[in-house]
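So you can see what is in the structure, the chains are spelled out below.
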Amino acid sequence: MSTLKKALMGAANNAEDYFDQLKYRLFLRLGKIDPIQIVPYRGFGHAQQVYLKGRVLEDKGVKPSADNDTVWDNLLAMYKRFESDEIPGVRIRARFQGMEQVVVTDSEGYFEVRLSLTEPLLPTRAWYDMELELLDDVVPGQGLVSAKGQVLVPPPSSLFGIISDVDDTVLKSDATSLLKMARLTFFNNARTRLPFEGVSAFYRALQSGSDNSLFNPIFYVSSSSWNLYDLLVDFCSVHGIPKGPFFLRDIGFDKNNLLRSSHLSHKMQQIEHILGMYPHLPFILIGDSGQHDPEIYRQVVKDFPGRIRAIYIREVTTEVRRQQVSELAEALKSEGVEMLLVKDTVAAAIHAAERGYIDAESIPEIRAAKKVDEDLETDPIFGSE
């Protein structure tokens, strides 16, 4: 990167931080700060260490999606999500399994909790609560501000993990078209956005394993903004998609990039974070051909030899792109990893059953779920896709 570009990015970052701090101090002085909330994002860890990220924000009153929400309800909710006002420099106390840690929010209101564990966890349990409490007074009469986060610790019986993209892999986003993606994002909600057909049943089968008795952890890595976290969690809950931590992106400036991280670097960093947390666990990777998932996953195979069992790529683009992905898949064969370009979830499920990753008896359920999802409609303005 040129010296001039670095200087410009540094100036943009400093200007953004300065403006945020100035606005926060002004609103605080004028008594214009809304009620405060702690927003914990699902964490993850293992028997020796847990990690959880979260944010302290003004509470804009974004409510869970409802079936009768109008287009304007959805648009207002999305405006509130992105018009978030962060609370910098405040202390959060985290409690987990009898341990405590105090952390401080950064200039964007984010905080991170990392705890080294001294007591063993239950071998049959996957999700644990983390109690969070704001220690500083931000607004007059604020009272107790607390939240309960959740941390995923895969049990020792887990045979593999799953890392999945989100846009155009789990939910339909038309990420290759900026206009269509914006339309789906801003005018719909968790109940009117569509999942890819059969994805919920397929992911449940992967989580349960070949004999339906396991718990294989699922992680969702996306370049979407953290501002959409509640919508994505709600979407998965509404559509029966297994619960897992999300790894999203902060949209803004930093010293070296126009955005705090690029699509490629963000996804690589988060996947490395996950694989580094579980060095003895193999993984299945799931993505789509619309952006750079095949290239990212190819690099993951090179960086983590022997760790990837299979890669499923949903085909969503052109013949030219199909050829590019096919060439990547051919190159991966020499490293013993199959990358399948599939048109639908059933094709991936059949392969997974043949390889012993899921129970073959789950395939009829996946076919049925695919049919149900195909009959759904979305897009209250423009009609179904």
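From a predicted model like this one, the values you see are computed outputs, not experimental measurements.

Definitions and cut-offs
Residues numbered from 1 in each chain as written. Predicted model: local features only at pLDDT ≥ 70, side-chain atom pairs only at ≥ 80, totals over all residues. Heavy atoms only, no water. Core = buried A, V, L, I, M, F, W, Y, C linked by side-chain atoms within 4.5 Å. Buried < 20%, exposed > 50% of the residue type's maximum accessible area, 1.4 Å probe, protein only. Helix = DSSP H or I, 4+ residues; strand = E, 2+ residues; numbered from the N terminus. Pairing = 2+ DSSP bridges. Right-handed = clockwise from strand over helix to strand, strands pointing away. Axes fitted to C-alpha atoms, helices over the stretch in contact; angles between N-to-C directions. Contact = heavy atoms within 4.5 Å. Salt bridge = Lys/Arg side-chain N within 4 Å of Asp/Glu carboxyl O. Parallel < 35°, antiparallel > 145°, perpendicular 65-115°, else oblique. pLDDT = per-residue confidence, 0-100. Polar contact = N/O pair within 3.5 Å; in protein donor to acceptor, adjacent residues only side chain to side chain. Phe/Tyr/Trp six-rings, centres within 6.5 Å; stacked < 30°, edge-to-face > 60°. Nonpolar A, V, L, I, M, F, W, Y, C, P; charged D, E, K, R; others polar. Expected span 1.5 Å × (residues − 1). Arc of directions from axis to C-beta.

**Some thoughts on the nonpolar core**
Item 1. Ranked by size, the top nonpolar core spans 45 residues in total, and within it F202, Y203, L206, F246, Y312, Y357 and I358 carry the most contacts.
Item 2. Of all hydrophobic cores here, the second largest spans 33 residues; its members include V221, L281, I313 and L332.

**Here we look at the pairing of strand β13 (residues 308–314)**
Item 1. Extensive coverage of β13 is indicated by the burial of 6 of its 7 residues.
Item 2. Sheet topology places strand β12 (residues 283–288) next to β13; 6 bridges connect them, and they run parallel. Counterpart to D288 in the pairing with β13 is R314.
Item 3. You can see the chain leave β12, run along helix α7 (residues 293–303) and come back into β13, and the turn it takes is right-handed.
Item 4. Where β13 and strand β14 (residues 338–342) come together, 5 bridges link them in parallel fashion. Counterpart to R314 in the pairing with β14 is V342.
Item 5. Remark: the β13/helix α8 (residues 319–333)/β14 crossover connection has right-handed handedness.

**Notes on the sheet that holds strand β11 (residues 246–249)**
Item 1. With parallel pairing, 6 strands are arranged side by side in an open sheet as β11-β10-β9-β12-β13-β14. Only two strands of the sheet have a single neighbouring strand rather than two, namely β11 and β14. When the angles between neighbouring strand axes are averaged without regard to direction, this sheet yields 15°.
Item 2. Sheet topology note: the strand β9 (residues 161–164)/strand β10 (residues 218–225) ladder contains 3 bridges and is parallel. Paired with I163 across the strands is F219, a residue of β10.
Item 3. Along the sheet, helix α6 (residues 263–277) contacts β9, β10, β11, β12 and β13; its crossing angle with β10, the most-contacted strand, is approximately 155°.

**A closer look at the pattern of salt bridges**
Item 1. All told, the structure shown has 24 salt bridges when counted by the stated rule.
Item 2. Two residues, E108 and R55, come together in a salt bridge whose shortest N-O distance is 3.4 Å. Here R55 lies in strand β3 (residues 49–58) and E108 lies in the loop between β5 (99–104) and β6 (110–116), a separation of 53 residues in the sequence. Each member of the pair, E108 as well as R55, carries the same accessibility label: buried.
Item 3. Linking D136 and R91 is a salt bridge whose minimum nitrogen-to-oxygen distance equals 2.8 Å. Placement of D136 in the loop between β7 (127–134) and β8 (146–152) and of R91 in strand β4 (residues 91–96) is noted, with a sequence separation of 45 residues between them.
Item 4. What makes R91 partly exposed here is its relative accessible area of 36%.
Item 5. What emerges from the salt-bridge pattern is a single network uniting E58, K60, E83 and D85.

**Quick notes on the packing of helix α4 (residues 199–208) against helix α10 (residues 363–374)**
Item 1. It is the contact of α4 with α10, at a shortest axis distance of 7 Å, that shows an interaxial angle of 155°. Considering their axes alone, α4 and α10 lie roughly antiparallel with respect to each other. Within the contact between the two elements, α4 uses V199, A201, F202, R204 and A205 and α10 uses E365, I366, A369 and D373.

**So, the confidence of the model for the protein**
Item 1. Taken residue by residue, the protein gives an average pLDDT of 84. The fraction at 70 or more is 81%.
Item 2. pLDDT under 50 marks residues 4–20. Its contacts with residues more than four places away, or in other chains, come to 23 contacts.
Item 3. Contacts of residues 378–385 to residues separated by more than four positions or lying in other chains number 21 contacts, the stretch itself having pLDDT below 50.

**Quick notes on α7**
Item 1. Buried within α7 we find D293, P294, I296, Y297, R298, V300 and V301.
Item 2. Where the residues of α7 are buried, they touch β9, α6, β12, β13, α8 and β14.

**Overview of the side chain of K60**
Item 1. Tracing the backbone shows K60 in the loop between β3 and α2 (71–82).
Item 2. Within polar-contact distance, the side chain of K60 engages the side chain of E83 at 3.2 Å.
Item 3. A distance of 2.9 Å separates a polar atom in the side chain of K60 from a polar atom in the side chain of D85.
Item 4. Sequence-distant contacts of K60, that is, excluding residues within four places in its chain, are made with D34, Q37, K80, E83 and D85.

**So, the packing of aromatic side chains**
Item 1. As enumerated under the stated definition, the model contains 17 aromatic pairs in all.
Item 2. Note on F202 and Y312: the rings are 6.1 Å apart at their centroids and 70° apart in plane angle, and the pair reads as edge-to-face. Taken together, the positions of F202 in helix α4 and Y312 in strand β13 put the pair 110 residues apart, joining distant regions of the chain. Exposure class is identical for F202 and Y312. Each is buried.
Item 3. Centroid distance F219 to F247: 6.3 Å. Interplanar angle 50°. Geometry classified as tilted.

**Thoughts on the packing of helix α9 (residues 345–354) against α10**
Item 1. With their axes 10 Å apart at the nearest point, α9 and α10 run at an angle of 170° to one another. If you check the angle between α9 and α10, you find them roughly antiparallel. Contacts between α9 and α10 pair T345, V346, A349, I350 and A353 from the former with I363, I366, R367 and K370 from the latter.
Item 2. Taken together, the residues of the contact of α9 with α10 break down into 6 nonpolar, 1 polar and 2 charged.

**Observations regarding α10**
Item 1. Compared with the 16 Å implied by 1.5 Å per residue over 12 residues, the 16 Å span of α10 between its first and last C-alpha is a close match.
Item 2. Looking only at α10, the buried set comprises I363, I366, A369, K370 and D373. Taken end-on, α10 shows its buried residues confined to a sector of 120°, consistent with a single buried face. Those residues of α10 that are exposed and aimed more than 90 degrees away from the buried face are P364 and V372.
Item 3. Looking at the buried positions of α10, the neighbouring elements they touch are α4 and α9.

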